[in-house]
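# Descriptive analysis of the structure
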Amino acid sequence: MVKVHYFFDPMCGWCYGATSLLVAIAANTEIELALHPGGMIDNKAIEPDFRSHILVNDERIAKMTGAQFGDEYIQRVKSDDKMILDSFITARAILTAKQLGIAPLDMLKAIQHAHYVDGKQVNHPKVLEELSVKLGLEGAQWHKTMNANLGIEQEEIQRSRLLMQKLQVYGYPTLILEVANKFIVLPHTEFYGKPDEWQQLVDSYIRSDSSTFQTDM
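Calculation rules
Residue indices follow the written sequence of each chain, beginning from 1 at its first position. A pLDDT threshold of at least 70 governs which residues receive local features in this predicted model, and a stricter bar of 80 or more applies before side-chain atom pairs are shown or counted, although totals over entire chains, interfaces and linings include all residues. Side-chain descriptors were evaluated using all non-hydrogen atoms of the structure, hydrogens and water having been removed beforehand. Two strands are said to pair when DSSP picks up at least two bridges between them. Per the convention used, a helix needs a DSSP run of H or I reaching at least four residues, while a strand needs a run of E reaching at least two, with both numbered from the N terminus. Throughout, an axis means a line fitted to C-alpha atoms (over the contacting stretch in the case of helices), and angles, computed between N-to-C directions, take values from 0 to 180 degrees. Here a residue-residue contact requires only that any non-hydrogen atoms of the pair lie within 4.5 Å. Here the aromatic set is Phe, Tyr and Trp, taking the six-membered ring for Trp, and pairing holds for ring centres within 6.5 Å; pairs whose planes are under 30 degrees apart are stacked, those over 60 apart are edge-to-face, and all others are tilted. Only protein chains enter the accessibility calculation, which uses a 1.4 Å probe; a residue is then buried when its area is under 20% of its type maximum, exposed when over 50%, and partly exposed in between. To estimate how far a helix should extend, the number of its residues minus one is multiplied by 1.5 Å. When a carboxyl oxygen of Asp or Glu is within 4 Å of a side-chain nitrogen of Lys or Arg, the pair counts as a salt bridge. Should an angle lie under 35 degrees it is considered roughly parallel, over 145 roughly antiparallel, and from 65 to 115 roughly perpendicular; all remaining angles are considered oblique. Crossings are sorted by hand: turned counterclockwise from the far helix by less than a right angle, the near helix makes the crossing left-handed, and turned clockwise it makes it right-handed. Here the nonpolar group is Ala, Val, Leu, Ile, Met, Phe, Trp, Tyr, Cys and Pro; Asp, Glu, Lys and Arg are the charged ones; every other residue, Gly included, is treated as polar.

## Focus: the sheet that holds strand S2 (residues 31-37)
Sheet architecture is open: four strands sit in the order S2-S1-S5-S6, paired in mixed fashion. Each edge of the sheet is formed by a strand with only one pairing partner; in this case those strands are S2 and strand S6 (182-185). Each adjacent strand pair in this sheet contributes to an overall mean axis angle of 25 degrees, direction not counted. Contacts between helix H2 (residues 19-26) and the sheet are confined to strand S1 (2-8), S2 and strand S5 (174-179), with S2 contributing the most and set at about 145 degrees to the helix.

This is the structure we're talking about:
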């Protein structure tokens, strides 16, 4: 068993674009996928002048990765309505989902789809509860556990940041393969929109003799 460390932020557009690559990794039963959430945005309202930057960046992401941005999301960014993004409550939702038996990547995907496709306000606890129910959880249990977990996202984000410092990780998304006590940075940007070729690359690392690995850290 090898491990892939995924450094991401739930509100990172490029992380949304990389989701298909994560799905390919998760499909390999020989890989343990460890999600390390970032804390880019702490319940912050996005200013109008930055929204145009978001839209331009989203066009680049869509072109490079094939990720789809829904009309509801685009109109929400373009509108004058208040737009609050929160990396912390969404990270807590991912951690809570894991506690309740839902794969963290599945919750991340649900949050990303709700935000980037449906244009929903995923900083709202009720929206996150609705996503959990769609994933098969019971709403009351979710609500209770999310409340009990208040603050665990801060602890996890701090651990992620310390690990990023140790591994010299500087941005999101970053994927690092850990095998035979060595760490290899996976060149994910070269494989945007190419999940099959990406899977072949990851498989090649798993099949290779661990003594040939060169650490990039």
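## Re the packing of aromatic side chains
Enumeration over the complete set of coordinates arrives at eight aromatic pairs. Relative to Tyr 116, the ring of Phe 69 has its centre 5.6 Å away and its plane inclined at 85 degrees; by these criteria the two rings are edge-to-face. Within this pair, whereas Phe 69 is found in the loop between helix H3 (48-65) and helix H4 (71-78), its partner Tyr 116 is found in helix H6 (residues 104-116), the two being separated by 47 residues in sequence. Comparing Phe 69 with Tyr 116 shows no difference in burial state: the two are buried.

## Some remarks on H3
The terminal C-alpha atoms of H3, which comprises 18 residues, lie 26 Å apart, in line with the 26 Å expected from a rise of 1.5 Å per residue. Restricting attention to buried positions, one finds in H3 the residues Arg 51, Ile 54, Leu 55, Asn 57, Asp 58, Ile 61 and Thr 65. As for H3, its buried residues are in contact with helix H1 (13-17) and H4. Gly 66 lies just past H3 and shows a positive phi near 85 degrees.

## Here we look at H6
Between its first and last C-alpha atoms H6 spans 18 Å; for 13 residues at 1.5 Å apiece the expected length is 18 Å, and the two agree. Here H6 has its buried residues at Leu 105, Met 107, Leu 108, Ala 110, Ile 111, Gln 112, Ala 114, His 115 and Tyr 116.

## Quick notes on the pattern of salt bridges
Following the criterion strictly, the structure yields four salt bridges and no others. Salt-bridge contacts for Glu 153 lead to Arg 92; the nearest nitrogen and oxygen are separated by 3.3 Å. Taken together, the positions of Glu 153 in helix H9 (residues 152-167) and Arg 92 in helix H5 (residues 87-99) put the pair 61 residues apart, joining distant regions of the chain. Classification of Glu 153 as buried rests on a relative accessible area of 5%. We note a salt bridge from Lys 126 to Glu 129, for which the minimum N-O separation is 3.8 Å.

## Thoughts on the packing of H6 against helix H7 (residues 125-134)
Across the interface, H6 lies against H7 with an axial gap of 10 Å and an inter-helix angle of 125 degrees. The pairing of H6 with H7 is recorded here as oblique in orientation. By crossing handedness, the relation of H6 to H7 is classed as right-handed. Facing H6, whose interface residues are Met 107, Ala 110, Ile 111 and Ala 114, H7 presents Leu 128, Leu 131 and Ser 132. Its residues assigned to classes, the contact of H6 with H7 shows six nonpolar, one polar and no charged.

## Here's the deal with unusual backbone geometry
Most peptide bonds take the trans form, and the phi angle of most residues other than glycine is negative. Here the amide bond leading from Tyr 172 into Pro 173 is cis, since omega sits at -10 degrees, within 30 degrees of zero. Looking at where Pro 173 falls in the secondary structure, it is placed in the loop between H9 and S5. Of note, Ala 180 is a non-glycine position whose phi angle comes to about 55 degrees, a positive value. The residue Ala 180 is located in the loop between S5 and S6 in this model. One non-glycine residue with positive phi stands out, namely Asn 181, at about 60 degrees. Of note, Asn 181 is situated in the loop between S5 and S6. The class for Asn 181 is exposed, based on a relative accessible area of 73%.

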